[in-house]
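Structural characterization, general
Spelled out from the first residue to the last, the chains are:
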Amino acid sequence: MFIIQNNTILLGDFNDALEGSYENFVDDPKYDCVTRSLAEAGWHSTISYNDVIDQQLITSNLSDTFINIRIVNVFPQVALYEKTTSDHLPVISEFDLTRTVTGLTDKQ
């Protein structure tokens, strides 16, 4: 498996639940699957499917910067969203990247 060693955020339409094709990432402590909480809570990221297929993975060294993730209800703002825009819903994550993730302590 290709190992990412930098601070990395991998996101997009994976076309599958994490527990399917992406089990290696779920089981690997080097990664944090931040969309897992959405799936566990019963959310779905598309209009067409009843699960989360738009995933966000981060390298575990970014876990301390992760704040929140949510799926946005765009229907009140965009008329006929599913017909004019996409069958995917926006998945928004928040990070506090003002903290430098270097592995150095204050004394170094």
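In this report, the structure presented in the accompanying data block is examined. (Residues numbered from 1 in each chain as written. Predicted model: local features only at pLDDT ≥ 70, side-chain atom pairs only at ≥ 80, totals over all residues. Heavy atoms only, no water.)

Section: the nonpolar core
By size, the foremost hydrophobic cluster in this structure holds 12 residues: Val34, Leu38, Val52, Ile58, Leu62, Ile69, Ile71, Val74, Tyr81, Leu89, Val91 and Phe95. Put simply, the parts of the chain that give this core at least two residues each are strand 4 (66–71) and strand 5 (91–95). Discounting residues that sit within four places of it in the chain, Val34 has contacts with Gln56, Ile58, Phe66 and Ile69. Ranked by size, the runner-up nonpolar core spans seven residues in total, among them Val26, Tyr31, Cys33 and Leu57. (Core = buried A, V, L, I, M, F, W, Y, C linked by side-chain atoms within 4.5 Å. Buried < 20%, exposed > 50% of the residue type's maximum accessible area, 1.4 Å probe, protein only. Helix = DSSP H or I, 4+ residues; strand = E, 2+ residues; numbered from the N terminus. Contact = heavy atoms within 4.5 Å.)

A closer look at the packing of aromatic side chains
Applying the stated criterion across every chain, the model contains four aromatic pairs. Ring centres 4.8 Å apart and planes at 50 degrees place the aromatic pair Phe14 and Tyr22 in the tilted group. Classification of Phe14 as buried rests on a relative accessible area of 13%. Measuring from ring centre to ring centre gives 5.6 Å for Phe66 and Phe95, while their planes differ by 65 degrees; the resulting arrangement is edge-to-face. Note that Phe66 is positioned in strand 4 and Phe95 in strand 5, a separation of 29 residues in sequence. (Phe/Tyr/Trp six-rings, centres within 6.5 Å; stacked < 30°, edge-to-face > 60°.)

Some details on the sheet that holds strand 1 (residues 9–13)
In a beta sheet, neighbouring strands are held together by backbone hydrogen bonds and run either parallel or antiparallel to one another. Taken together, three strands build an open sheet; the order of strands is 1-3-2 and the sheet is antiparallel. For this open sheet the edge positions go to strand 1 and strand 2 (31–33), each flanked by a neighbour on one side alone. Each neighbouring strand pair of the sheet contributes to a mean axis angle of 20 degrees, computed without reference to strand direction. In this sheet, strand 3 (residues 54–59) lies alongside strand 1 in antiparallel orientation, the contact comprising five bridges. Bridge pairing in strand 3 links Asp13 to Asp54. (Pairing = 2+ DSSP bridges. Axes fitted to C-alpha atoms, helices over the stretch in contact; angles between N-to-C directions.)

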